[in-house]
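The lines below spell out each chain.
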Amino acid sequence: PESFDRGYLLTTQGAYDRTLYFIESGTVRVHFTDAQRQIHIANLGPGSVVGEASFFSHFERSATVQAVMPCQVWSLTPERFARLSKEKPTVALTLAMALGATVSVRLLNLSKRLSQSPGQV
């Protein structure tokens, strides 16, 4: 794992990095900025993953992720995932399915938030 101090930016909104991050310890803050303000999305801690959208989509980062306290973080690049897929395909498939579940749950939660408070996400 890598160690990051408070304030370190793991990802920056608009960047074209596809690295996936697994939070082992500490807390990170996920937010994005629109034309008027910075919008807080979540605080994530141990056991969480961030960066899955860009990892799969090849699109720019949709949010900034910043350490709010010292963190231990594991990272996975697409190149390392490709190597994992060749060397340990069952592990890679299990990981891909877990990440797919994470994306699905986050989309469902967002849909619920939007339907409960229109205009106030």
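Preceding this section is the structure that the text describes.
Starting afresh in each chain, residues are numbered from 1 along the sequence in its written order. Owing to the predicted nature of the model, reporting of local features is limited to residues with pLDDT of at least 70; listing and counting of side-chain atom pairs is limited to 80 or more, with chain, interface and lining totals taken over all residues. For the side-chain quantities, the full set of heavy atoms in the structure was used; hydrogens and water were omitted.

## Some details on the nonpolar core
Here is step 1: What is meant by a nonpolar core is a set of buried Ala, Val, Leu, Ile, Met, Phe, Trp, Tyr and Cys residues, joined one to another through side-chain atoms within 4.5 Å. A 1.4 Å probe rolled over the protein chains alone gives each residue an accessible area, and that area as a share of the maximum for its type sets the label: buried under 20%, exposed over 50%, partly exposed in between. Of all hydrophobic cores here, the largest spans 13 residues; its most connected members are Leu 10, Val 28, Val 30, Val 50, Val 65 and Val 73.
Here is step 2: Counting from the N terminus, the helices are DSSP H or I runs at least four residues long and the strands are E runs at least two residues long. Elements represented by at least two residues in this core include exactly β3 (20-25), β4 (28-33), β7 (64-67) and β8 (71-76).
Here is step 3: Once residues within four sequence positions are removed from consideration, Val 28 is found in contact with Leu 10, Ile 23, Ala 42, Asn 43, Leu 44, Val 50, Val 65, Gln 66, Ala 67, Val 68 and Cys 71.
Here is step 4: Core analysis: the second largest hydrophobic core is formed by 8 residues, Leu 20, Leu 76, Phe 81 and Leu 95 among them. Note on contacts: a residue pair qualifies if any of its non-hydrogen atoms lie within 4.5 Å across the two residues.

## A few points about the sheet that holds β3
Here is step 1: The pairing criterion is simple: DSSP has to find at least two bridges between the two strands. Strand order in the open sheet made by the 4 strands is β1-β8-β3-β6, with antiparallel pairing throughout. A single partner strand is all that each edge strand has here, and the edge strands are β1 (2-4) and β6 (49-50).
Here is step 2: One ladder, built from 3 bridges, connects β1 with β8; its direction is antiparallel. Paired with Phe 4 across the strands is Cys 71, a residue of β8.

## A short note on the side chain of Ser 48
Here is step 1: Turning to its location among the elements, Ser 48 is positioned in the loop between β5 (38-44) and β6.
Here is step 2: At a separation of 3.0 Å, a polar atom in the side chain of Ser 48 contacts the main-chain carbonyl oxygen of Gly 45. Polar contacts here mean pairs of N or O atoms no more than 3.5 Å apart (in protein, one a potential hydrogen donor and the other a potential acceptor; neighbouring residues in sequence count only if both atoms are side-chain atoms).

## Focus on the sheet that holds β4
Here is step 1: Taken in spatial order, the 4 strands of this open sheet run β2-β7-β4-β5, and their pairing is antiparallel. Strands with a single pairing partner mark the edges of an open sheet, and in this sheet they are β2 (9-11) and β5. Across the sheet, the axes of successive neighbouring strands diverge by a mean angle of 30°, strand direction being ignored.
Here is step 2: Here β2 runs beside β7; their pairing, made up of 2 bridges, is antiparallel. Bridging across to β7, Leu 9 finds its partner in Gln 66. Comment: axis = line fitted to C-alpha atoms, over the contacting stretch for helices; angle = value between 0 and 180 degrees taken between N-to-C directions.

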